[in-house]
Amino acid sequence: MRRVNAGPSESAAAWSQSPQDLEEVLRLAGDAITVQAPDGSLVYANRAAARQMGFEDAAELMKHPLPEVIGQFRLLDADGAVMPVERLPGRRAMLGEPDPVEVIRFQRVDGDAEDRWSLVRATPVHRDGQLYAIINVFQDITALKRREIELATLSRVGELVGELADYQTTLQSLAQNVVPELADWCVVDLFEPAGGINRVAVAHVDPAKLRMAEELELRYSADPSSPSATQAVKESGEPQLYPELDDQMITQAARDDEHARLLTALGLRSMVALPLAARGKVLGVMTLIEAESAHRYSAADLPLVMDLARRAGVVIDNARLLHETNDAIRMRDDFLATASHDMRTPIATILAYLQLARRQRPGGDPSRFDGYLERAERTTVRLARLVSELMDVCLIRAGQPLPLAVEAVDLVALVEQAAREHRPLTPSHSVVVERAAEPVTVQTDAARIERILDNLLSNAVKYSGEGSTVTLRVARDGDGACISVTDTGVGIPAEELPTIFEPFRRASTAGGAPGVGLGLAGARQVGQQLGARLEAVSEPGAGSTFTLHLPAAAPVGHLEEPAPELIRAIPDARNERIADESKSQQQIEREEAEFKREAHA
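Everything numeric in this text was worked out from a predicted model, so none of it was measured.

Trainee: How should the packing of helix α15 (residues 411-422) against helix α16 (residues 446-462) be read in this particular structure?
Mentor: In a pair of packed helices, the angle between the axes and the distance between the axes together describe the arrangement. For the pair α15 and α16, the least separation of the axes is 10 Å and the interaxial angle reads 45 degrees. Overall, the two elements α15 and α16 adopt an arrangement that is oblique. Considering only the axes of α15 and α16, their crossing is right-handed. Contacts from Leu414, Val415, Gln417, Ala418 and His422 of α15 reach α16 at Ala446, Ile449, Glu450, Leu453, Asp454, Leu457 and Ser458. Of the residues that constitute the contact of α15 with α16, the class distribution is seven nonpolar, three polar and two charged.

Pasting the structure below:
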C-alpha cells in the first residue's frame, strides 16, 4: 500500500524547531525588515534593510543610532512632499495605530545613490497588553514607481503634442516636464536650414544652474563645424549614449580652460543625445543629462527616452507643417489680393476706352478713335500678361510643369531691352549693361526670362540707394549662358543666403521696403522649369549679385497651346507696352486727368 502523508515530514519538523534557520530566513529575505523597541530604538535589521540604508551589513547598521541613519535621507511622501517624522509608520504604530502603511521615497542627502521607493508597513507586537516591539517591513517598489513616473511624463508630453501653440514654447514646456524625473537637464537644439544650430529649450529645477547655462550659451554657442554629440546624432540619426562623463571627457569637449571650468561646475555625470526626427529627417537633438542625481543612463533607458524624443519630433513637425500651411494660405491670399487689384485697373481702363470709342460720332476725329483703341489694346496686353503670371503661380503651387514657348532667344538683345524698360521707371538709378560682343543665343522661353529679369531688376533698385548703379551682365557659360544682376545696395547676410529663395523669406536687411518675400521664390521656381539655376552672392552693405545660369536648351516640357491672336501677339506688342509702362508718374497722372475729362464729356 502507498503511504499517505498525514503531517509534516520529519525534516520539516526538525527545521521548524531551529531558531537559527528562522534567523537565516529573516536575514536573507528580499524585503527590508527592522524591529524597534517601544522607545523607538532599533533592535534588529536584516541584510536588505542594511543595504537599503547604505550599509554593508546589518552589524554595521546596528552601530549607528536610528536618528543618524534616518538623517542620511530626505523622506518624501507619494506626492513628493517632505514627510515629517510623525507620519512614519513606526512612529504611528508606537502611538497605537494598528498596521499603518505609507509609500516613502528615500532620497539620499549626499546624492550618492538613486532614489528608492518603499511601501512601509509597521506592525505593533504586544505582550501582556503592553507594546513589546514594532516590526517594519519595507517592500521595494522602486521599479513600479519609476514606471509610473515615466508613463505620467509621457502622458504630459502627449498632451503637449496636441497643442497648436508656438513650437518653441511647446518644446520649453516639454523640457520642463522631463526634469527632474527623467533628467537633471533637458536641452533641445534644432537644426537651421542654413546649417546653424538653434537652442530653443533648456530646463533645470535650479534657477542658479539655468543662469550658468545661459552664460555658457552666450560665451560658447554651439559650433556646427566642431565634433559633438549633437553633430553625431545629426549625421547618423542614432542616439548617442554616454553612461559616464568623467572630467577628462568634459575637458576634451571644452574649447578653453574657462569653458572646462564652467562645464565642470555643472557636475555633468551621464548623458544621452536623442534625434528629434519626423518623416525620415532629423530636425534636431534632445539631450538629457544627469548631474546631481545618482542615476546613470544605460541601454535599458533608451526605449523610454527614444519614445520621448519621437513625441518631441512630432511637436516640431506638426508646428512646421502648420507654419507652412499658414504661409501657403497667406501667399494665396496675398497673391489673389494683388492680382485682383492689378487686374481691376486695366479692366476698368479697357472698358472706359472702348466706351469712349463707341461714343465717337461718325465724322469725329479719327485720331482720337484710333488712340482709344490703341490704348485699350495695350492695356489688354498688360492684362493678358497678368493672367499668364497668375496661371504660372497656380501651376507651380500645384507642382505642375509650366507650358513653355521655347525658341531661339538672343539674350544680349533681351537684356538690353530689359534695361531700356527699367530706365524710365527708375530715373534715380543708373541701369547699365555689360555684354559679350557677339550674340549669346539659347533655346528658352523669352517671356519667362523677362519675368525673372524684371524681378531681379526691381529688387536691385528697391534695395539700393538713390544714385546707385545696377549692372546687367550676359555672357557664355560653357554650352549655355548666364545673366547676372549686380547692385550696390544693402546686401544679404551670408547665413541667410541659403533661405533667401524660400517663400516668405526676406533678408533681415530688407528694412521697411515693401514686399512679402515671394518674388525670388517664384523666379527660382520658374527658372527651374527652364532647366536654369538661380544663385546669389552678397555682402551686407556692399550689394548683391544674382546670377541665372541657363542651359543651351530648355527642357522640352509642356508646350504652349495655341492662343488667341491677341495673346500670341504679346511679343509683337512689346514696344507698345514699353511705351505704356515707361511713363513717368507725372505722365500717368496727366493721362488719367485727360481720360476723366473725356469720360465726362
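Still more ground to cover, so stick around.
Trainee: Please clarify how the sheet that holds strand β19 (residues 543-550) should be interpreted in this entry.
Mentor: Working definition: the strands of a sheet are paired by backbone hydrogen bonds and lie parallel or antiparallel to each other. As summarised here, the arrangement of the five strands in space is β14-β16-β17-β19-β18, forming an open sheet in which the pairing is mixed. Because the sheet does not close on itself, it has two edges, and the strands there are β14 (430-435) and β18 (533-539). Ignoring strand direction, the axes of neighbouring strands in this sheet form an average angle of 15 degrees. Both strand β16 (residues 469-477) and strand β17 (residues 480-486) contribute to a ladder of seven bridges, which runs antiparallel. Bridge assignment links Arg473 to a residue of β17, and that residue is Ser484. Across the face of the sheet, α15 comes into contact with β14, β16, β17 and β19 while running at roughly 170 degrees to β14.

Trainee: Can you help me understand the confidence of the model for the protein in this one?
Mentor: Segments scoring low in pLDDT should not have their predicted coordinates read at a detailed level. When pLDDT is averaged along the protein, the result is 78; 77% of the residues meet or exceed 70. Below pLDDT 50 for its whole length, residues 1-6 participates in zero contacts with residues either more than four positions away or in separate chains.

Trainee: I'm lost on α16 in this one. Help?
Mentor: Because an α-helix completes one turn every 3.6 residues, residues spaced three or four positions apart along the sequence face the same direction. Spanning 17 residues, α16 covers 24 Å between terminal C-alpha atoms, matching the ideal 24 Å at 1.5 Å per step. Buried residues dominate α16, accounting for 13 of its 17 residues. A side-chain oxygen of the first residue of α16 lies 3.1 Å from the backbone nitrogen of Ala447; this N-cap is Asp445.

Trainee: Please clarify how the pattern of salt bridges should be interpreted in this entry.
Mentor: Where charged atoms from two side chains of opposite charge come close, those side chains can pair. Tallied over the entire structure, the rule returns 23 salt bridges. When the shortest N-O distance is used, the salt bridge between Arg448 and Asp445 registers 2.8 Å. The burial state of Arg448 is the same as that of Asp445; both residues are buried. In this structure, a network of salt bridges that share partners links the residues Asp77, Arg87, Arg92, Glu97 and Glu102.

Trainee: Just to check I follow, could you spell out a nonpolar patch on the surface for this structure?
Mentor: Together, Leu354, Phe369 and Leu373 line one region of the surface with nonpolar side chains, adding up to about 240 Å² of accessible area. When you line up the elements, Leu373 lands in helix α14 (residues 366-397). Relative accessible area serves as the criterion here: at 35%, Leu373 is assigned to the partly exposed category.

Trainee: Looking at this structure, how should I read unusual backbone geometry?
Mentor: Residues apart from glycine generally show negative phi values, whereas peptide bonds are mostly found in trans. Cis geometry is adopted by the peptide bond preceding Pro180, which originates at Val179 and carries an omega value of 0 degrees. Positive phi is not limited to glycine here, since Asp128 has a value of about 55 degrees. Backbone geometry at Arg279 places phi at a positive 50 degrees, although glycine is not the residue there. Mapped onto the secondary structure, Arg279 falls in the loop between β10 (270-278) and β11 (281-290).

Trainee: I would appreciate a short explanation of the pairing of strand β2 (residues 42-45) in the present structure.
Mentor: Two elements, strand β1 (residues 32-36) and β2, share three bridges in a ladder whose sense is antiparallel. In the sheet register, Gln36 faces β2, and the bridge partner there is Leu42. Where β1 hands over to β2, the hairpin turn is made up of five residues, of which Gly40 adopts a positive phi near 95 degrees.

Trainee: It is not clear to me how the sheet that holds β2 should be interpreted in this structure. Could you clarify?
Mentor: Strand order in the open sheet formed by six strands is β2-β1-β6-β5-β4-β3, and the pairing between neighbours is antiparallel. The open sheet is flanked by β2 and β3 (73-76), the only strands paired with a single partner. Between one strand and the next, the sheet's axes are offset by a mean angle of 30 degrees, whatever the strand orientation. Pairing of β1 with strand β6 (residues 130-140), which is carried by five bridges, proceeds in the antiparallel orientation. If you follow Val35 over to β6, its bridge partner there is Ile135.

Trainee: Just checking my understanding: could you explain the packing of α16 against helix α17 (residues 519-529) for this structure?
Mentor: Running from amino to carboxyl end, α16 crosses α17 at an angle of 150 degrees, the nearest separation of the two axes being 10 Å. Regarding the angle of α16 to α17, the classification is roughly antiparallel. Pair α16 / α17 crosses with left-handed handedness. Where α16 approaches α17, its residues Arg448, Ile452, Asn455, Leu456 and Asn459 are matched on the opposing element by Gly519, Leu520, Ala523, Val526 and Gly527. Of the residues assigned to the contact of α16 with α17, the class counts are five nonpolar, four polar and one charged.

Trainee: Looking at this model, I keep getting lost on the nonpolar core. Mind explaining?
Mentor: A general trend in soluble globular proteins is that nonpolar side chains are found buried together. Leu411, Ile449, Leu453, Ile483, Val485 and Phe546 are the most contacted members of the largest nonpolar core, which totals 43 residues. Among the elements of the structure, α15, α16, β16, β17, α17, β18 and β19 are those that each provide at least two residues to this core. For this core, the element with the highest residue contribution is α16, accounting for eight residues. With sequence-adjacent residues up to four places away left out, Leu453 is seen in contact with Leu414, Val415, Ala418, Ile483 and Val485.

Reading the values: rules and limits
Residues numbered from 1 in each chain as written. Predicted model: local features only at pLDDT ≥ 70, side-chain atom pairs only at ≥ 80, totals over all residues. Heavy atoms only, no water. Axes fitted to C-alpha atoms, helices over the stretch in contact; angles between N-to-C directions. Helix = DSSP H or I, 4+ residues; strand = E, 2+ residues; numbered from the N terminus. Parallel < 35°, antiparallel > 145°, perpendicular 65-115°, else oblique. Left-handed = near helix turned anticlockwise from the far one by under 90°. Contact = heavy atoms within 4.5 Å. Nonpolar A, V, L, I, M, F, W, Y, C, P; charged D, E, K, R; others polar. Pairing = 2+ DSSP bridges. pLDDT = per-residue confidence, 0-100. Expected span 1.5 Å × (residues − 1). Buried < 20%, exposed > 50% of the residue type's maximum accessible area, 1.4 Å probe, protein only. Polar contact = N/O pair within 3.5 Å; in protein donor to acceptor, adjacent residues only side chain to side chain. Salt bridge = Lys/Arg side-chain N within 4 Å of Asp/Glu carboxyl O. Patch = residues over 30% accessible without salt bridge, like charges linked within 9 Å, V, L, I, M, F, W, Y side chains within 5 Å. Areas by Shrake-Rupley, 256 points an atom, 1.4 Å probe, with all protein chains shown as cover. Core = buried A, V, L, I, M, F, W, Y, C linked by side-chain atoms within 4.5 Å.

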